[in-house]
Amino acid sequence: MASEKSHTDEQTHFRTCNLCEAMCGIEIKHDGAKVLSIKGDKDDPFSKGYICPKATALQDLHEDSDRLRHPVERTANGWKEISWAEALDKVAAGIQSVQKKHGQNAFGIYLGNPNVHNLGGMLTIKHLLTSIKTRSRFSATSIDQLPHHIVSMHLFGHMLRIPVPDVNRTQYMLIIGGNPLASNGSIMTAPNMRQKLKDIKARDGKVVVIDPRRTETADIASEHHFIRPATDVLLLLAMLNEIYLQGYADKARANNNRAARSRQRLHALQTLQKTIAPSPSLILLAFRQLRLNDWSKSFVKPKARSVMDAWAFRCKSLAC
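Note that the structure is predicted; figures quoted are calculated from it, not measured.

A. Representation of the pairing of strand β6 (residues 78-81) within the structure. Two elements, strand β5 (residues 72-75) and β6, share four bridges in a ladder whose sense is antiparallel. Bridged to E73 within β6 is K80. In this structure, the hairpin formed by β5 and β6 is closed by a connection of two residues.

Structure below.
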């Protein structure tokens, strides 16, 4: 990466923050091992100078006195530094011992978020997990976005084929249970979500939030509609019913062969939703004032629209 060096030994390095998938560009000034500052890279074409507090705190992480810089082993007299070779041998022996006594799944693995933003980790972790042969695997995904992967597996054949909202061009963004101002748009790879949502409104688009809580995102949205917890499925079924009832689905145009083949599935979905469409009384449990026709029409009318559902899926259009 680009570097600049002056006679004072101060150096500037341009890197990418790997704490989350927003992948913001950062400018790091340092003098030897001492970090002088961490700022957003204004010339980064993606993040354009934006960074969140986590990136600024990378310096605190780097300089933390409790940071592990080598393997250690807990002994009767406290922690003792050991070599990498010795540490790896002890870990391997421990894994074998646990699995031999209690079964393969007795050994649990937790993977932190930065693993998926590290080339070495992405290339080798799968092989490590396969060799250990345990189903007890946990990660940030377990509590963050696992439903997205499950839906993507069923819809697109692979857990990593996750469509994301086209935030930079969408004219109507429907956010169900999400709070991208706090999460920075998890899985959307969209730095500075606050500005992106403001940009949607600035180009005469709409940001609609459906959430039982008035979140930070709801505060800046075009509309915020409260919903009773766990009734979002009733809303989605009601919207589907309205979309089919008004004929919006029939007006949709297929832009490619795969989309054309999906029409049969859409009609199957229409038949299914009719059998389980919520009654008006159930719908009223979800909302005090319901404007399903307005919402459904507003959603299907723009050429560019997006859905963000914090519990199920994210897609560029209703067809997904």
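Structure shown, so let's carry the discussion forward.
B. Representation of the side chain of Q99 in the model. If you trace the backbone, Q99 turns up in helix α3 (residues 84-102). Discounting residues that sit within four places of it in the chain, Q99 has contacts with Q104, F107, I132, K133 and T134.

C. Molecular detail of helix α8 (residues 193-202). Three or more residues of α8 are buried, namely M193, K196, L197 and I200. The arc enclosing the buried residues of α8, seen along the axis, measures out at 95°, which places them on a common side. Residues of α8 that are buried sit in contact with β9 (172-176), α7 (180-183), β10 (206-210) and α9 (216-220).

D. Inspection of empty space enclosed by the protein at higher detail. Counted under the stated rule, the structure contains four cavities of 30 Å³ or more. Of the voids in this model, the largest cavity is the one considered here, and its volume is about 60 Å³. If you go around the largest cavity, the residues you meet are C17, L19, C20, A22, M23, C24, I51, C52, K54, A55 and N184. Across the lining of the largest cavity, the residue classes tally to nine nonpolar, one polar and one charged.

E. The arrangement of the pattern of salt bridges in detail. Counted under the stated rule, the structure contains five salt bridges. When the shortest N-O distance is used, the salt bridge between D166 and R169 registers 3.0 Å. A relative accessible area of 22% means that D166 is categorised as partly exposed. Residue E223 pairs with K206 through a salt bridge whose shortest N-O separation is 2.5 Å. With E223 in strand β11 (residues 223-225) and K206 in strand β10, this residue pair connects regions lying 17 residues apart in the sequence. Classification of E223 by relative accessible area gives buried; the value is 17%.

F. Layout of the layout of surface pockets. Roughly 1400 Å³ of volume is contained in the second largest pocket. Taken together, 40 residues form the lining of the second largest pocket, with V116, T141, H149, M159 and L160 sitting closest to its centre. Elements supplying a minimum of two residues to the lining of the second largest pocket: α4 (119-132), β8 (137-139), α5 (140-144) and α6 (146-156). For the lining of the second largest pocket, the leading source of residues is α4, giving seven residues.

Thresholds, definitions, all that
- Residues numbered from 1 in each chain as written.
- Predicted model: local features only at pLDDT ≥ 70, side-chain atom pairs only at ≥ 80, totals over all residues.
- Heavy atoms only, no water.
- Pairing = 2+ DSSP bridges.
- Helix = DSSP H or I, 4+ residues; strand = E, 2+ residues; numbered from the N terminus.
- Contact = heavy atoms within 4.5 Å.
- Buried < 20%, exposed > 50% of the residue type's maximum accessible area, 1.4 Å probe, protein only.
- Arc of directions from axis to C-beta.
- 1 Å grid on protein atoms, 1.4 Å probe; cavity = no way out; pocket = protein on both sides within 12 Å on 5 of 7 lines; lining within 4 Å.
- Points joined across faces, edges and corners; volume = space filled by probe spheres on them.
- Nonpolar A, V, L, I, M, F, W, Y, C, P; charged D, E, K, R; others polar.
- Salt bridge = Lys/Arg side-chain N within 4 Å of Asp/Glu carboxyl O.

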